[in-house]
Amino acid sequence: MTSGFGHQALISIISHLCFIALAWWALQSLNFDKFLRANHVFQARVLFILLSIIIGSSVSNFFLDYLLWSQQLPMIFR
């Protein structure tokens, strides 16, 4: 029973990292130069990282919730 928690934790970590990386890759297609001030490169990079984490974590949480719900769905018929 406790080994399931380890598997779930591993899947959650991998899911979050994959979706954060995917969000980072997707955000690179946008041109943020128009919205940023000159000589604030470090702040722009921090904002870019934070946006990637926020978007990636939200999508990952949706994916993990959907996975959990689909695993619990057969319990309705018991």
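Residues numbered from 1 in each chain as written. Predicted model: local features only at pLDDT ≥ 70, side-chain atom pairs only at ≥ 80, totals over all residues. Heavy atoms only, no water.

> What exactly am I supposed to notice about the environment of Phe-19 here?
Inspection of the secondary structure assignment puts Phe-19 in helix 1 (residues 2–27). Phe-19 sits 44 residues away from Phe-63 along the chain, and the two C-alpha atoms are 9.6 Å apart. Other than its neighbours up to four places away in sequence, Phe-19 contacts Gly-56, Val-59, Ser-60 and Phe-63. (Helix = DSSP H or I, 4+ residues; strand = E, 2+ residues; numbered from the N terminus. Contact = heavy atoms within 4.5 Å.)

> Just to check I follow, could you spell out unusual backbone geometry for this structure?
With the exception of glycine, the majority of residues adopt a negative phi angle, and the majority of peptide bonds are in the trans configuration. Although it is not a glycine, Asn-39 adopts a positive phi angle of roughly 65 degrees. With respect to the helices and strands, the residue Asn-39 is situated in the loop between helix 1 and helix 2 (41–72). The class for Asn-39 is exposed, based on a relative accessible area of 77%. (Buried < 20%, exposed > 50% of the residue type's maximum accessible area, 1.4 Å probe, protein only.)

> What am I meant to see in a nonpolar patch on the surface here?
A grouping of Trp-24, Phe-42, Val-46, Ile-49, Leu-50, Ile-53, Ile-54, Ile-55 and Val-59 is seen on the molecular surface, where their side chains present a nonpolar patch of about 800 Å² in accessible area. Among the elements that make up the nonpolar patch, the one with the highest residue count is helix 2 (eight residues). Since its relative accessible area comes to 45%, Leu-50 is described here as partly exposed. (Patch = residues over 30% accessible without salt bridge, like charges linked within 9 Å, V, L, I, M, F, W, Y side chains within 5 Å. Areas by Shrake-Rupley, 256 points an atom, 1.4 Å probe, with all protein chains shown as cover. Salt bridge = Lys/Arg side-chain N within 4 Å of Asp/Glu carboxyl O.)

> Quick question: what am I supposed to make of the side chain of Ser-60 here?
Within the fold, Ser-60 resides in helix 2. In this structure, Ser-60 is in contact with Ser-12, Ser-15, His-16 and Phe-19, ignoring residues within four places of it in sequence.

> Please explain helix 2 as it appears in this structure.
The terminal C-alpha atoms of helix 2 lie 46 Å apart, and with 32 residues this matches the ideal 46 Å at 1.5 Å per residue to within 8%. Buried within helix 2 we find Ala-44, Phe-48, Ser-52, Gly-56, Ser-57, Ser-60 and Leu-64. (Expected span 1.5 Å × (residues − 1).)

> I would appreciate a short explanation of the packing of aromatic side chains in the present structure.
To describe a pair of aromatic rings, you give the distance between the ring centres and the angle between the ring planes. Enumeration according to the criterion identifies three aromatic pairs in this entry. Relative to Phe-48, the ring of Trp-24 has its centre 4.8 Å away and its plane inclined at 75 degrees; by these criteria the two rings are edge-to-face. Remark: Phe-48 occurs in helix 2 and Trp-24 occurs in helix 1; sequence separation between them is 24 residues. The exposure class assigned to Trp-24 is partly exposed, which follows from its relative accessible area of 34%. On the basis of relative accessibility, which here comes to 14%, the residue Phe-48 falls in the buried class. (Phe/Tyr/Trp six-rings, centres within 6.5 Å; stacked < 30°, edge-to-face > 60°.)

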